[in-house]
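For reference, the chains in residue letters:
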Amino acid sequence: MKSSSISGGGLTCAVAWTPESGFRLAFLGPDEADDGAIRLRLEKLPASPDIVPGASLMAQRGTGYAGVGLLDAVCLPERFAVRLLPSGMRKVSDTLLVLEAADPACNIRAETSLEISDGVLTVSTCIFNEGSGNVDVHRCAAGLLPLDDWSSDVILSFGAWAREGHMSRIPIESGRIQSVSRLGRTGFDGSPAMLVCERSAGADNGRALCAHLAWSGSHSVSVERLPDGSAELCAEALYEPGEIQISTGGRFTTPKLIVAVAGNGFQELSNRLHAFARTRSRRVSRPVHFNTWEACYFDFDSDSLRKLATQAAEIGAERFVLDDGWFIGRRDDSSSLGDWEPDTERFPDGLGPLISYVHSLGMTFGLWVEPEMVSRNSALYRAHPEWVLGYPDADAPTGRNQLVLDLSNPDVQDYLFVTLSKCLDVGGIEYLKWDCNRELYPAAIDGRFCAHLHTLGVYALMDRLQARFPELEIESCASGGGRIDFGILPRVTRFWASDATDALDRIRINQALSRYVPVEMIGSHVGPSPNHITGRVFSIRFRALVAMFGHFGLELDPSALSDKDKIALADAVEVYKRFRGWMHSGRIRTLPTADKHLDVTVLESADAENVLVRVLRTGMSARPLHARIVLPELQSGSAYAVSEVAFDGGPDSMIGHFSAEALTWSGLDMDPQKPNQGRLFYLSRLEPGRS
């Protein structure tokens, strides 16, 4: 038996290589829990193979192992099945370990790389074809991860358009639990991620693991309990038949599987993922957005937009984002996608004058685009029907009246790059709201599948635009809550979490997304009331409190607000601006409460000097006497000045000075008491010696 380990950022990963059982995960967890012992159980079981197969990091079917395996591939033209056998283990550095396997008969090699960065493990697999013919890859996992004995439950996200963020907790009893997307785009049912935990795990206790595939296309993340009682996690991009072929001398590399591990519950897990995400995405300021969509939809012209921009600036908006409908011929969602030129009827002199006007109001300017899509009723489709997925089928199915351009085609990428660059060359457009309003179906052109290359084409186009316009910010918006993943994350600075701006729904949606994504990357807007999707009515203060714990924005018609609500909204904007400097590098956590109609969220600055506590009541309490709310995990031995934040432009209301221990044990009366009301409290840590 040979063994090797890597470590970094408090995480250690140890692998043992046994001749009969492959690469076994000997340890994955915090440094302090690793005593160097290798505790592998390689027992021959009754009615089982004489050579103990078991779950391993590069497991291959055909040895008695009952799992899905790392690779399914055949060598052409003979169609010999590739069978990988472990061949080596190479420690490249203290943080990088490479596992090697090979099929000598086919001259195929595989490497699974394990790397620790910022306290998070990344896993990916590369297949090398050194044979004389092509290799047809049916499937290849980014990573197989044998799970520890404590792994007893799986937590999945699920939902649909405007209904995102639901959670399901499932015991790992037998068989396979799978989160899968087959439509070419990560969708509303959650990121390509899965939480695994022990039965007793909760927000602040228990061992837990998160696996997130950094990929924006079709995928599968699964956990399977094998017949011998062991369990493994498998994460992979899904490929259609014939989509992945490796030519002689070529190689194929999977997306990365990102694995975070925590010993003290889900909150620690989120903290690790947030820190990792922040190192991968560009740090930018977070101006207050005003987005035009729910303010006017397609009903606008240059003059009405100037009026809207003036009203937005008066409320305190700092970025004005012009949504769908600005380009030539676009009056509804049935036409014009692909023709990315300003509509001459609405903008006779182009977008330049509007951009200048927005700038004169002290706001930056952003623009909605949907580059991957095309309408049948468009000049682009009439000129290039062969650029559309589904070609040559003239009756290929549409979604939202649109088809998908084939971004695996370099000519399509070039066209979009030139067209979007022309828009951006006007100057003054600092931000693109990049939408993707339907999945990829059919994901083929001329009968050949291309979804995998299409996703890579999206990445390439974004990368090329950002190289051309280094200060450009991109928001990932896919009908709202789609395409939120660590594959697109390095290319964007913001995610649109959902088209649901309903405040009650957004509490759930934002909390679910913040398990993976830092709070500042979650676009969170104050929507209209009654809400356009649910019809529910909420006060402006309640809507603002919900939106505040994210990247704050406005998505409503200011002229429909009363004077009182305009003032209240402007005051809420100022509250957000006051705290955002530290909010957007801080730690967010939701406190468990006995009352299911009470939501308590804590946002603490990275240096622990500042704390915001948001308390929202979403329904009537079962009892008229409301319990105090305790605030655990404050800095032990510290004292805090506690005040309630004012939303009327006046001074905050000082409540008093309290020790961390008193706030943890006895708490404070912070309950809003009535449904759909909220309160915000600010805690400032006092210097030692002050009380």
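Report follows, based on the coordinates. Every value quoted in this text rests on a predicted model; they were computed, and no experiment measured them.

Some details on the nonpolar core
What tends to happen in soluble globular proteins is that the nonpolar side chains get buried as a cluster.
Right, so step 1: Core analysis: the largest hydrophobic core is formed by 193 residues, its most contacted members being L233 and W326.
Right, so step 2: If you tally residues by element for this core, the top one is helix α10 (residues 563-583), at eight residues.
Right, so step 3: If sequence neighbours within four positions are ignored, L233 has contacts with G143, L144, L145, L147, V196, L209, A211, V221, S222, V223 and L257.

Observations concerning unusual backbone geometry
Peptide bonds are mostly trans, and most non-glycine residues show a negative phi.
Right, so step 1: That bond from L76 to P77 is cis: its omega, 5°, falls within 30 degrees of zero.
Right, so step 2: The residue P77 is located in the loop between β4 (71-75) and β5 (80-81) in this model.
Right, so step 3: A cis amide bond links S529 with the next residue in sequence, P530, at an omega value of 5°.
Right, so step 4: Located in the positive-phi region is A162, a residue other than glycine, with phi close to 65°.
Right, so step 5: Position of A162 relative to the elements: it lies in the loop between β12 (153-158) and β13 (166-171).
Right, so step 6: The exposure class assigned to A162 is buried, which follows from its relative accessible area of 5%.
Right, so step 7: Even without being glycine, A608 reaches a positive phi, approximately 65°.
Right, so step 8: Take A608: it is sitting in the loop between β35 (598-604) and β36 (610-617).

A short note on the pairing of strand β33 (residues 551-554)
Both faces of the sheet carry side chains from a regular strand, because those side chains alternate between them.
Right, so step 1: Burial along β33 is two-sided: H551 and G553 and F552 and L554, pointing in opposite directions, are all buried.
Right, so step 2: As judged from the two bridges shared by strand β22 (residues 289-291) and β33, these two strands associate in the parallel manner. Bridging from a neighbouring strand, F290 pairs with L554 of β33.
Right, so step 3: The pairing of strand β32 (residues 522-526) with β33 spans four bridges and is classified as parallel. Directly across from H525, in β33, lies its bridge partner G553.
Right, so step 4: For the crossover from β32 across helix α9 (residues 540-548) to β33, the handedness is right-handed.

Some points on the pattern of salt bridges
Right, so step 1: Under the counting rule described, the total for this entry stands at 41 salt bridges.
Right, so step 2: Linking R331 and D343 is a salt bridge whose minimum nitrogen-to-oxygen distance equals 3.1 Å. Of this pair, R331 sits in the loop between β23 (319-322) and α4 (352-360) while D343 sits in the loop between β23 and α4; the two residues are twelve residues apart in sequence, bridging distant segments of the chain.
Right, so step 3: A salt bridge links R536 to D505; the shortest N-O distance between them is 3.2 Å. With R536 in the loop between β32 and α9 and D505 in helix α8 (residues 503-513), this residue pair connects regions lying 31 residues apart in the sequence.
Right, so step 4: Accessibility expressed as a relative area gives 33% for R536, which makes it partly exposed.
Right, so step 5: Counted as one network, the salt bridges with shared partners bring together R90, E100, R109, E111 and E130.

Here's the deal with the sheet that holds β32
Right, so step 1: Read around the closed barrel, the eight strands follow the order β22-β23-β24-β27-β30-β31-β32-β33; overall the barrel is parallel. Ignoring strand direction, the axes of neighbouring strands in this sheet form an average angle of 30°.
Right, so step 2: In this structure, strand β30 (residues 473-476) lies alongside strand β31 (residues 494-496), joined through two bridges in parallel fashion. Within the sheet, the bridge partner assigned to S476 lies in β31 and is F495.
Right, so step 3: Together, β23, β24 (364-369) and β27 (429-434) form the strand contacts of α4, whose direction differs from that of β24 by roughly 140°.

Things to note about helix α3 (residues 302-315)
Right, so step 1: End to end, α3 covers 20 Å across 14 residues, agreeing with the expected 20 Å (1.5 Å per residue, within 8%).
Right, so step 2: Along α3, the positions that sit buried rather than exposed are S302, L305, L308, A309, Q311, A312 and I315.
Right, so step 3: Tucked inside the fold, the buried residues of α3 contact β22, α2 (293-296), β23, α4, β33 and α10.
Right, so step 4: Where α3 begins, one side-chain oxygen reaches toward the backbone nitrogen of D303, 3.1 Å away; that side chain belongs to D301.
Right, so step 5: Positive phi appears at G316, one or two residues downstream of α3, with a value of about 120°.

So, the layout of surface pockets
Right, so step 1: As a volume, the largest pocket reaches approximately 1200 Å³.
Right, so step 2: In this structure, the largest pocket is lined by 45 residues; those nearest its centre are R41, L147, D148, D149 and S230.
Right, so step 3: Elements with a contribution of two residues or more to the lining of the largest pocket: β3 (22-30) and β21 (257-262).
Right, so step 4: With seven residues, the single largest contributor to the lining of the largest pocket is β3.
Right, so step 5: Residues belonging to the lining of the largest pocket are distributed by class as follows: 25 nonpolar, eight polar and twelve charged.
Right, so step 6: Every residue lining the second largest pocket is counted, 36 residues in all, and those nearest its centre are Q511, A512, R515, T590 and D599.
Right, so step 7: Looking at the lining of the second largest pocket residue by residue, the class counts come to 14 nonpolar, 14 polar and eight charged.

Overview of the packing of α3 against α4
Packed helices, taken two at a time, are described by the angle between their axes plus the distance between the axes.
Right, so step 1: Packing of α3 against α4 leaves a shortest axis separation of 10 Å and a crossing angle of 15°. With respect to each other, α3 and α4 are oriented roughly parallel. Our pair here, α3 against α4, has a crossing hand that is right-handed. The segment α3 lies against α4, with L305, R306, A309 and T310 engaging P353, L354, Y357 and V358.
Right, so step 2: Residues of the contact of α3 with α4, tallied by class, amount to six nonpolar, one polar and one charged.

Calculation rules
- Counting restarts for each chain, with residues numbered from 1 along the sequence as it is written.
- Whole-chain, interface and lining totals are the exception, using all residues; otherwise, since this is a predicted model, local features are given only for residues with pLDDT of at least 70 and side-chain atom pairs are given and counted only at 80 or more.
- Excluding hydrogens and water, the side-chain values take into account all heavy atoms of the structure.
- For the purposes of this section, nonpolar cores are sets of buried Ala, Val, Leu, Ile, Met, Phe, Trp, Tyr and Cys residues that join through side-chain atoms within 4.5 Å.
- The classification of residues rests on relative accessible area computed with a 1.4 Å probe and restricted to protein chains. Under 20% of the type maximum is buried, over 50% is exposed, and intermediate values are partly exposed.
- Helix numbers and strand numbers start at the N terminus; a helix is a DSSP run of H or I with at least 4 residues, a strand a run of E with at least 2.
- Working rule for contacts: check all heavy atoms of both residues, and any pair within 4.5 Å makes them a contact.
- The rule for pairing is simple: two strands pair if DSSP sees at least two bridges between them.
- If you view a crossover with the strands going away from you and the path from the first strand over the helix to the second runs clockwise, you call it right-handed.
- For this document, the term salt bridge refers to a Lys or Arg side-chain nitrogen within 4 Å of an Asp or Glu carboxyl oxygen.
- Structural elements are reduced to axes, namely lines fitted to C-alpha atoms, with helices fitted over the stretch in contact, and the angle between N-to-C directions of any two is expressed from 0 to 180 degrees.
- Here the expected span of a helix is defined as 1.5 Å times the quantity of residues minus one.
- Nitrogen and oxygen atoms within 3.5 Å of one another constitute a polar contact, given that in protein one can donate a hydrogen and the other can accept it, and given that sequence-neighbouring residues count only through two side-chain atoms.
- Using protein atoms alone on a 1 Å grid, points that fit a 1.4 Å probe yet trap it form a cavity, whereas open point sets bounded by protein on both sides within 12 Å along at least five of seven lines form a pocket; residues with an atom within 4 Å of a point count as lining.
- Grid points are joined across faces, edges and corners, and a volume is the space filled by probe spheres set on the points.
- Amino acid classes used here: Ala, Val, Leu, Ile, Met, Phe, Trp, Tyr, Cys and Pro are nonpolar; Asp, Glu, Lys and Arg are charged; the rest, including Gly, are polar.
- In this scheme, roughly parallel covers angles under 35 degrees and roughly antiparallel covers those over 145, while 65 to 115 is roughly perpendicular and the rest are oblique.
- For any pair of crossing helices, the crossing counts as left-handed if the nearer helix is rotated counterclockwise from the farther one by less than a right angle, and right-handed if it is rotated clockwise.

Any link to function would need more than the numbers given here.
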